[in-house]
Amino acid sequence: MTDRFDLTTPAERWLWKKDTLKEPTLLQSFAFDEVHQHLYVLQLRRGGGAAGDLCLNRLDYRGKRLGHMWLRGFGHGVSMGVQHASDGTVWIWTEADARDGYGRGVTRFRFFDGAVRTREHVKVRHPIPGSTSNQPSVCMASHRIAVRHRVDGAPRYRVWDLDAFVARDYSTPIADFPQTGAHPDPRIPFQGYALYGDHVYQLAGTAYDAKTNPPARRGNAHLSCLDIRTGELIDRQRTVAGYSLDHREPEGLAVRHRSGARLCLGLGSGRVGERRFSIYFKPRAS
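What counts and what doesn't
Residues numbered from 1 in each chain as written. Predicted model: local features only at pLDDT ≥ 70, side-chain atom pairs only at ≥ 80, totals over all residues. Heavy atoms only, no water. Helix = DSSP H or I, 4+ residues; strand = E, 2+ residues; numbered from the N terminus. Rg over C-alpha atoms; globule rule 2.2 N^0.38 Å. Buried < 20%, exposed > 50% of the residue type's maximum accessible area, 1.4 Å probe, protein only. Areas by Shrake-Rupley, 256 points an atom, 1.4 Å probe, with all protein chains shown as cover. Lys, Arg positive; Asp, Glu negative; His and termini not counted. Charge placed at Lys NZ, Arg CZ, Asp CG, Glu CD. Pairing = 2+ DSSP bridges. Axes fitted to C-alpha atoms, helices over the stretch in contact; angles between N-to-C directions. Contact = heavy atoms within 4.5 Å. Core = buried A, V, L, I, M, F, W, Y, C linked by side-chain atoms within 4.5 Å. Phe/Tyr/Trp six-rings, centres within 6.5 Å; stacked < 30°, edge-to-face > 60°. Polar contact = N/O pair within 3.5 Å; in protein donor to acceptor, adjacent residues only side chain to side chain. Salt bridge = Lys/Arg side-chain N within 4 Å of Asp/Glu carboxyl O.

Turning next to the overall build of the protein chain. In terms of regular secondary structure, the protein chain is built from 1 helix and 20 strands. The C-alpha radius of gyration of the protein chain comes to 17 Å, within 12% of the 19 Å expected for a compact globule of 286 residues. With the C-alpha coordinates of the protein chain rotated into their principal frame, the extents come out at 50 × 40 × 40 Å. The proportion of buried residues among the 286 residues of the protein chain is 58%. Put simply, the protein chain shows about 12,200 Å² of open surface, and 44% of that area lies on carbon and sulfur atoms. Here the protein chain contributes 42 positive and 30 negative side-chain charges, whose respective centroids are spaced 4 Å apart.

Right, let's get into the sheet that holds strand 10 (residues 132-139). Read across the open sheet, the 4 strands follow the order 10-11-12-13; overall the sheet is antiparallel. Each of the sheet's edge strands pairs with one partner strand only, and the pair in question is strand 10 and strand 13 (175-178). For this sheet, the mean inter-axis angle between neighbouring strands, taken without regard to orientation, is 15°.

Let's shift gears to the side chain of Thr94. With respect to the helices, strands and loops of the structure, Thr94 is situated in strand 7 (residues 90-99). If we skip the residues at most four places from it in the chain, Thr94 touches Leu42, Leu71, Phe74, Met80, Val106, Thr107, Phe109 and Pro136.

In terms of nonpolar packing, the biggest core is built from 32 residues, with Tyr201 and Leu253 touching the most fellow members. Mapped onto this core, the elements with two or more residues apiece are strand 12 (154-161), strand 13, strand 14 (190-196), strand 15 (199-204), strand 16 (222-227), strand 18 (249-256) and strand 19 (262-269).

Right, let's talk about the environment of Cys264 for a bit. Tracing the sequence through the fold places Cys264 in strand 19. Along the backbone, Cys264 and Arg119 are 145 residues apart, and their C-alpha atoms lie at a distance of 30 Å. What Cys264 contacts, discounting residues up to four positions off in sequence, is Phe30, Phe32, Gly252, Leu253, Ala254, Arg256, Ile279, Tyr280 and Phe281.

The subject of this paragraph is the packing of aromatic side chains. Tallying each qualifying case throughout the model produces 15 aromatic pairs. Ring centres 6.1 Å apart and planes at 70° place the aromatic pair Trp160 and Tyr170 in the edge-to-face group. Of this pair, Trp160 sits in strand 12 while Tyr170 is found in the loop between helix 1 (162-166) and strand 13, placing the two residues 10 residues apart along the sequence. For Tyr170, a relative accessible area of 18% corresponds to the buried category. Ring geometry for Phe165 against Tyr170: centres 5.0 Å apart, planes inclined by 55°, an arrangement best described as tilted. The exposure class assigned to Phe165 is buried, which follows from its relative accessible area of 0%.

This brings us to the side chain of Asp60. As for its position among the elements, Asp60 is in strand 4 (residues 54-60). Polar contacts involving the side chain of Asp60 include one to the main-chain amide nitrogen of Lys64, which spans 2.9 Å.

Turning next to the pairing of strand 12. Two faces belong to every sheet, and in a regular strand the side chains alternate between them. One ladder, built from 8 bridges, connects strand 11 (residues 144-151) with strand 12; its direction is antiparallel. Opposite Arg144, over in strand 12, you have Asp161 as the bridge partner. Linking strand 11 to strand 12, which pair antiparallel, is a turn of 2 residues; within it Asp152 sits at a positive phi near 55°. Looking at chain direction, strand 12 and strand 13 are connected through 4 bridges and run antiparallel. Each bridged residue has a counterpart across the sheet, and for Tyr157 the counterpart in strand 13 is Phe177.

Where side chains of opposite charge bring their charged atoms close, a pairing between them can arise. Per the stated rule, a full pass over the model turns up 12 salt bridges. A salt bridge links Asp97 to Arg104, with the shortest nitrogen-to-oxygen separation between them at 2.9 Å. Here Asp97 falls in the buried class, since its relative accessible area comes to 8%. Of the charged contacts, one joins Arg229 and Asp227 as a salt bridge, the two residues approaching to 2.9 Å between their closest N and O atoms. Via salt bridges that share partners, Arg144, Asp198, Asp227 and Arg229 belong to a single interconnected network.

What follows deals with the sheet that holds strand 16. In spatial order, the strands read 14-15-16-17; together these 4 strands make up an open sheet with antiparallel pairing. The sheet is open, and its two borders are formed by strand 14 and strand 17 (233-238), each paired with just one other strand. On average, adjacent strands in this sheet sit at an angle of 15° to one another, irrespective of strand direction. Pairing analysis gives 5 bridges linking strand 16 to strand 17, with the strands arranged antiparallel. In the sheet register, Leu223 faces strand 17, and the bridge partner there is Gln237.

Encoded structure:
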C-alpha cells in the first residue's frame, strides 16, 4: 500500500473538548480498536512523569470512558498501538521498562478495567539493544509495527512485519532510518507519530504561549510524512486545526483505516488540573 494522506487538506473536527479521561492531565497518544469501535488514550498520571507512570483509558467513539488501567514504570506514552490477533485477541502495545520517564523497550498486554500493571506483569521486548525512548506504532492495514527509539541520543525508526515481531524475530526489519523533518525548527518538541503503510506521519509543536507561540498566530504545530522505503521527507505542513482552543498543545497521532482512512491529530486544552482533549482528522489523498 502506497496511498498517503493529504496534509494540505483542512482538518475536520471529530471529538471536541472532552473531559472524560480518568486523570486530569493531557492526553499523550491514542490508538483505535476499529473492530469494537474503541478509542484507547494514554496519559501521564499526576506526578508520575519521572517514574513513567501512565493511565490507559478505553473510550467509545463518542468519547465516553468505558474503563481504565494503571501502567507503572512504563514510560511517557509518546505513541501506542492496537493489534487484532488472528484468534480475536486485542493487544495493546506501549513502551515499557522506563528509565528517566521513558521506555527502554516495548510490550503488549490485554486491557482489563481497573487493573494495575508493572514491569513484572508483562514481557518486555528490547528489539534494539541499548536503545532508549522506545515507542511503538501498529499499522493493521499493512500488518506492520514501528518502534521509534534513540541510539546515542539520536532518534530513529525501525519497522518490522508484525508477525515476525510477535515471534521475537527482529533480525530482518523492513526499514531502519533516522527521524528527520518533524518541524522547521529543530528545537520544537516531537509530539507523536503513526505508521500507515509505507509512510510514517509525525507531529511536532508546542502549547500556546503569549510570547513564543501566541494564539493570534494559530500555533506552531506541524505534520510531516516520511517514506519508510527511503527515509525521505515527503511532505510537511503547518496545521491550524483547533486554533480556537485555549492552551492548544498537539499530542498524539493515530490512523483509522476502515470506512475511509483518516489521519487523526490529538490536541490538549484547558487549565492545569482540568485538561480536555480534542481530535481532528485529515482524509487520505484520493
